[in-house]
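One-letter residues, chain by chain:
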Number of protein chains: 2
Amino acid sequence: MMTLAMKAATETAAMATDDLALAQRLADAAGAAIRPWFRRPFLVETKADFSPVTAADREAEAVIRRLLDEYRPHDGVIGEEYGDDRPDAARVWVLDPIDGTRAFVAGRPLFGTLIALLEDGKPVLGIIDQCIIGDRWLAGPGQPTLFNGQRCHVRRCPQLAEARIGTTSPHAFPEADFAAFERARGAVGDTLYGGDCHNYGLVAAGHLDAVVEAGLKLHDWAALVPIVTGAGGVMSDWQGQPLDMARSDGRVIAAGDAAVAAAIAAALAD
Amino acid sequence: MMTLAMKAATETAAMATDDLALAQRLADAAGAAIRPWFRRPFLVETKADFSPVTAADREAEAVIRRLLDEYRPHDGVIGEEYGDDRPDAARVWVLDPIDGTRAFVAGRPLFGTLIALLEDGKPVLGIIDQCIIGDRWLAGPGQPTLFNGQRCHVRRCPQLAEARIGTTSPHAFPEADFAAFERARGAVGDTLYGGDCHNYGLVAAGHLDAVVEAGLKLHDWAALVPIVTGAGGVMSDWQGQPLDMARSDGRVIAAGDAAVAAAIAAALAD
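So, how was this worked out
Residues numbered from 1 in each chain as written. Chains lettered and ligands numbered in written order. Predicted model: local features only at pLDDT ≥ 70, side-chain atom pairs only at ≥ 80, totals over all residues. Heavy atoms only, no water. Helix = DSSP H or I, 4+ residues; strand = E, 2+ residues; numbered from the N terminus. Rg over C-alpha atoms; globule rule 2.2 N^0.38 Å. Contact = heavy atoms within 4.5 Å. Areas by Shrake-Rupley, 256 points an atom, 1.4 Å probe, with all protein chains shown as cover. Lys, Arg positive; Asp, Glu negative; His and termini not counted. Charge placed at Lys NZ, Arg CZ, Asp CG, Glu CD. Pairing = 2+ DSSP bridges. Axes fitted to C-alpha atoms, helices over the stretch in contact; angles between N-to-C directions. Phe/Tyr/Trp six-rings, centres within 6.5 Å; stacked < 30°, edge-to-face > 60°. Domains from an automatic or database assignment. Buried area = accessible area lost by both parts, 1.4 Å probe. Salt bridge = Lys/Arg side-chain N within 4 Å of Asp/Glu carboxyl O. Polar contact = N/O pair within 3.5 Å; in protein donor to acceptor, adjacent residues only side chain to side chain. Buried < 20%, exposed > 50% of the residue type's maximum accessible area, 1.4 Å probe, protein only. Least-squares fit on C-alpha atoms with pLDDT ≥ 70 in both.

1. Observations concerning the overall build of chain A
- On a plain count of helices and strands, chain A comes out with eight helices and 15 strands.
- Taken over C-alpha atoms, the radius of gyration comes to 18 Å for chain A, in line with the 18 Å a tight globule of 270 residues would show.
- C-alpha extents for chain A along the principal axes are approximately 60 × 50 × 35 Å.
- Long-range pairs, those at least 24 residues apart, make up 61% of the contacts in chain A with a sequence separation of at least 6.
- Of the roughly 11,000 Å² that chain A leaves accessible, carbon and sulfur atoms contribute 55%.
- Treating the 25 positive side-chain charges of chain A as one cloud and the 37 negative ones as another, the clouds have centres 4 Å apart.

Structure (structure tokens):
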């Protein structure tokens, strides 16, 4: 006989499984919306912050929102292209249909669709989906990170001087942050440019040791937190504090090894 | 009845077809040698110039050299990992088994195998092969560039301020060159980092307008020349002169639109 507590736990587990299944369905739908535009001539607009936006961004977010309207009508949605619906709901989906639009418009298959679920403001589920080469990272709620269906793990890194880090562009840092980044870069072993959200997946899969970036918005980082932490890594701001929806200033460290994260934070602060 | 001139032309055409077929076989073999190492734990060594080298680099070049020994025993070979054999031969194959080893060791599928054939010191055939995602550019001798089996073309770019350019890393430039690069970067529309040889393929396919780099060795650029020019683009040094095996200083402009190439050369020289 099922007790009330057992029943509640079962329902929560079923809901979580449903959320994971739904999130994958959202990513599938976004990928189907994006693929026809990849490496095809299309109009690139420039937003106020000079980042490009395309019909593919808009169609991918629209198709995700239609599915959420149908299957989670009471949940909130915060999306890069179409703004906020019920952002104060207990459960909020955070969407970036194409993270790395510059790469997308250049025909480089390293952009990604980012989907996160926040519960009470905390990211509990995340997807990074690269719909051209088929790389997908999936984590949460309470589930470890899967890379293409297999558990993945960060790697240990014995010292900062051996760390291989990624960052998308030196120009993504505000000027004061760039000087700090350059200190950290001088202390690590090697720096790989480009990559956008895909770099965080590579940290989760144990192929990169860290990512250091600034200027990230909620839709850029929310999905990454469950993925990096669910693979055994750490994700924080530049002071080493957990990322927080209300307080984050867009400066982010993701690292496979907590000691590397701390050493990077120290180099950034010097 | 076949005249001698017809016969010679037929033989040249057959040889050219054979070279194209062989080059593809070399790329297939290199890909088969590389794929088992991708995203697997492996030893990364650091060369004198601090670039990484892996067993995958060595195995891929060794398998290409074995095939060349078998099928073109009289041709010369210049390879990144195993040096020069008969480099003064009239026909010389130039090999970079993994261009973008940093990307390769980070699990990023944007490195490439570069294979060029030089005749009398001029690149007449080139392949860029990305063996994980299956992007392959193929050009020459005298044949237009194919991207995954289809003819591809550069795009026109009406003005420099609208050009989207790629470059692998800001740290790949010697200090004096970096100041020049920054002038050019300030004059273009947008700059995408990372990408290695794949960026040149994206120029040939009309997705990027230009690539500006320095420090390239013969094995880095030889294969790119037939690919970019065979798609209607231009490839030159920073003075706008054709790249030359004997004279090249490693500074390279690839552009889809000759006017953009000239405008970049002017910005670099300012």
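More follows now that the structure is in view.
2. Quick word on the sheet that holds strand β7 (residues 122-130) of chain B
Residue and element names in this part refer to chain B.
- Sheet architecture is open: eight strands sit in the order β4-β3-β5-β6-β7-β8-β9-β10, paired in mixed fashion. Unpaired on one side and paired on the other, β4 (83-85) and β10 (150-151) mark the two borders of the sheet.
- When strand β3 (residues 76-79) meets strand β5 (residues 91-99), the two strands line up parallel, connected through four bridges. Following the sheet pairing, V77 is matched in β5 by W93.
- Where helix α2 (residues 55-71) meets the sheet, its contacts fall on β3, β4, β5 and β6 (112-119), and the angle it forms with β5 comes to roughly 155 degrees.

3. Re the packing of aromatic side chains
- In this structure the tally under the stated criterion is 17 aromatic pairs over all chains.
- Ring centres of F173 of chain B and F178 of chain B lie 6.4 Å apart, and the angle between their planes is 45 degrees; this geometry places the pair in the tilted category.
- A network of ring pairs unites the aromatic residues F173, F178, F181 and W238 of chain A as a single cluster.

4. Some points on the domain arrangement of chain A
Residue and element names in this part refer to chain A.
- Here chain A is partitioned into domain 1 (4-151) and domain 2 (160-269).
- Look at where the C-alpha atoms of domain 1 and domain 2 centre, and you get two points 21 Å apart.
- Facing 32 residues of domain 1, the contacting portion of domain 2 comprises 24 residues.
- A per-residue breakdown of the area domain 1 buries against domain 2 is headed by L110, I128 and W137, which together make up 25% of the total.
- Here domain 1 is connected to domain 2 by zero salt bridges.
- The tally of links from domain 1 across to domain 2 stands at seven residue pairs in polar contact (both at pLDDT 80 or more).
- Among the elements of the structure, β5 (91-99), β6 (112-119), β7 (122-130) and β8 (135-139) are those that each provide at least two residues to the side of domain 1 that touches domain 2.
- Among the elements that take part in the side of domain 1 that touches domain 2, β7 stands out by supplying seven residues, more than any other.

5. Remarks on the interface of chain B and chain A
- At the junction of the two partners, chain B supplies 31 residues and chain A supplies 31 residues.
- Of the roughly 2,600 Å² buried between chain B and chain A, counting both surfaces, carbon and sulfur atoms make up 57%.
- Among the residues chain B hides against chain A, the three largest losses belong to R39, R108 and Y193 of chain B. Together they make up 26% of the total.
- Remark: the boundary between chain B and chain A carries four salt bridges.
- We note a salt bridge from R39 of chain B to D135 of chain A, for which the minimum N-O separation is 2.7 Å.
- Our count for the contact surface shared by chain B and chain A stands at 14 residue pairs in polar contact (both at pLDDT 80 or more).
- Within the residue set of the side of chain B that touches chain A, elements represented by two or more residues are α3 (101-105), α4 (175-187), β12 (190-193) and α5 (198-204) of chain B.

6. Re the pairing of β5 of chain A
Residue and element names in this part refer to chain A.
- In terms of residue burial, β5 counts as a mostly covered element, since nine of its nine residues are buried.
- Pairing of β5 with β6, which is carried by seven bridges, proceeds in the antiparallel orientation. Within β6, the position partnered with D96 by the bridge is L114.

7. What to know about the pattern of salt bridges
- Per the stated rule, a full pass over the model turns up 33 salt bridges over all chains.
- Linking D190 of chain A and R102 of chain B is a salt bridge whose minimum nitrogen-to-oxygen distance equals 2.6 Å. Residue D190 of chain A is found in strand β12 (residues 190-193), and its partner R102 of chain B is found in helix α3; the two belong to separate chains.
- On the basis of relative accessible area, R102 of chain B is assigned to the partly exposed category, the value being 31%.
- Measuring nitrogen to oxygen at the nearest pair gives 3.2 Å for the salt bridge that ties R164 of chain B to D190 of chain B. One end of the pair, R164 of chain B, is in strand β11 (residues 164-167); the other, D190 of chain B, is in strand β12, and 26 residues separate them in sequence. Summarising the burial analysis for this pair, R164 of chain B and D190 of chain B share the class buried.

8. What to know about the sheet that holds strand β11 (residues 164-167) of chain A
Residue and element names in this part refer to chain A.
- The strand order across the open sheet built from five strands is β12-β11-β13-β15-β14, with neighbouring strands paired in mixed fashion. Strands with a single pairing partner mark the edges of an open sheet, and in this sheet they are β12 and β14 (234-236). For this sheet, the mean inter-axis angle between neighbouring strands, taken without regard to orientation, is 20 degrees.
- Two elements, β11 and β12, share four bridges in a ladder whose sense is parallel. In the sheet register, R164 faces β12, and the bridge partner there is D190.
- Relative to the sheet, helix α4 (residues 175-187) contacts β11, β12 and β13 (210-213), its axis offset from that of β12 by approximately 125 degrees.
- Of the strands in this sheet, β11, β13, β14 and β15 (252-255) touch helix α8 (residues 258-269), which is tilted by about 150 degrees from β15.

9. Notes on the side chain of D135 of chain B
- Its place among the elements puts D135 of chain B in strand β8 (residues 135-139).
- On the basis of relative accessibility, which here comes to 4%, the residue D135 of chain B falls in the buried class.
- Within the structure, the side chain of D135 of chain B is placed 2.7 Å from the side chain of R39 of chain A, a separation counted as a polar contact.
- Among the polar contacts made by the side chain of D135 of chain B, one reaches the side chain of H198 of chain B at a distance of 2.9 Å.
- When near neighbours in sequence (up to four residues on either side) are disregarded, D135 of chain B contacts R39 of chain A together with I128, D129, Q130, F147, N148 and H198 of chain B.

10. Observations regarding the environment of V63 of chain B
- Structurally, V63 of chain B can be placed in helix α2.
- Taking C-alpha positions, V63 of chain B is 9.7 Å from P97 of chain B, a pair spaced 34 residues apart along the chain.

11. A few points about the relation of the copies chain B and chain A
- With an axial shift of 0.0 Å and an RMSD of 0.0 Å, the rotation relating chain B to chain A amounts to 180 degrees. Look at the turn and shift together and you get a two-fold axis relating the two. When C-alpha distances to the rotation axis are compared across chain B, the minimum falls at G194 of chain B, with a value of 2.3 Å.

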